[in-house]
Amino acid sequence: MELLLAILPVSLSSGINLYLTLFALGVTERAGWYDLPEAVDIVASLPVMAVSGVLLLVEFFADKIPYVDSVWDFLHTFVRPVGALLLAMGFIPADDPELRTAVMLLAGTTALTAHGSKASFRALVNTSPEPVSNSVVSILEDTFVLGIIALFIMFPLIATGVSIVVLVGLIIALVLIFRWARRVFGSVRDFLLRKPIPPRTEATT
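Below you will find a few notes about this structure. Within any chain, residue numbers begin from 1 and follow the written order of that chain's sequence. Where totals are concerned, whole chains, interfaces and linings use all residues; where local detail is concerned, this predicted model gives features only for residues with pLDDT of at least 70, and gives and counts side-chain atom pairs only at 80 or more. Processing note: side-chain calculations cover all non-hydrogen atoms of the structure and skip hydrogens and water entirely.

Observations concerning the pattern of salt bridges
Part 1: For salt bridges, the criterion is a side-chain nitrogen of Lys or Arg within 4 Å of an Asp or Glu carboxyl oxygen. Taken as a whole and judged by the stated rule, the model has eight salt bridges.
Part 2: Across the pair Arg 80 and Asp 73 runs a salt bridge whose closest N-O atoms are separated by 2.9 Å.
Part 3: Two residues, Glu 141 and Arg 122, come together in a salt bridge whose shortest N-O distance is 3.1 Å. Taken together, the positions of Glu 141 in helix α8 (residues 132-154) and Arg 122 in helix α7 (residues 97-125) put the pair 19 residues apart, joining distant regions of the chain. Only DSSP runs of H or I with at least four residues qualify as helices, and only runs of E with at least two residues qualify as strands; both kinds are numbered from the N terminus onward.

This is the structure:
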């Protein structure tokens, strides 16, 4: 049950920042704060931590530059959900294929929802004329990832409950952003397709 409770928090954080999630899990394992399953504790190995640390450093800076963050998110559309899926599989015993399949679907969907919400909101933030908002949002996202991982280690049940609430909120936010974007694109399309009104001519007598 404790391993199952890890699925939502880990998948949610992976969808937002996969490299920070991997690095944080590696640190917790090496520090002895949490005993990861054998299939997952590879994230605590020095080679994996070195790679995840370097990629985390790259993402730290790329995530705070307007429009660069959106390109970075686009490149990770499949990386984050797949990474979350592989992590989730490690928390479930290999002798239960039905449960592993269900967990894979749950983890992939959760991470894809988190990633889609992050990417969509970042695209919206990029419309702001000042660059500070990107850095603020990025720091808040990283803080949330660290917070949900810490909560999962100390109180797995509470972490799962928080993840469910956040996931529902992200789905609602995605729907609202999609509706807003559709209205904006519709207005732009109507403006571009609008036929010019011919100038009025004075009637001759």
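With respect to helix α5 (residues 68-75)
Part 1: Remark: exposure states derive from per-residue accessible area (1.4 Å probe, protein chains only) relative to the maximum for the residue type, with buried under 20%, exposed over 50%, and partly exposed in between. Inspection of α5 places Asp 69, Trp 72 and Asp 73 among the buried residues, and these make up the whole buried set. Viewed end-on, α5 has its buried residues packed into an arc of 100°, placing them on one side of the element. Opposite its buried face, α5 presents the exposed residues Phe 74 and Leu 75, each directed more than 90 degrees away.
Part 2: The inward-facing, buried residues of α5 abut α3 (18-31), α4 (46-62), α6 (79-90), α7 and α8. This arc is taken over the directions from the axis of the helix to the C-beta atoms. A contact between two residues is defined here by any heavy atoms of the two lying within 4.5 Å.

Some words on the side chain of Asn 134
Part 1: On the secondary structure map, Asn 134 appears in helix α8.
Part 2: Those residues in contact with Asn 134 that lie beyond four places of it in its chain are Asp 63, Lys 64, Pro 66, Asp 69, Arg 122, Val 125 and Asn 126.

Overview of the nonpolar core
Part 1: What is meant by a nonpolar core is a set of buried Ala, Val, Leu, Ile, Met, Phe, Trp, Tyr and Cys residues, joined one to another through side-chain atoms within 4.5 Å. Counting residues in each nonpolar core, the largest one holds 34 residues, and the members touching the most others are Ile 7, Val 10, Leu 25, Leu 36, Leu 87, Phe 91 and Phe 152.
Part 2: Counting residues per element, the ones that place at least two in this core are α2 (7-16), α3, α4, α6, α7, α8 and α9 (156-193).
Part 3: At six residues, α3 tops the list of elements feeding residues into this core.
Part 4: Non-local contacts of Leu 36, meaning those with residues more than four positions away in its chain, are made with Leu 25, Glu 29, Asp 41, Val 43 and Phe 91.

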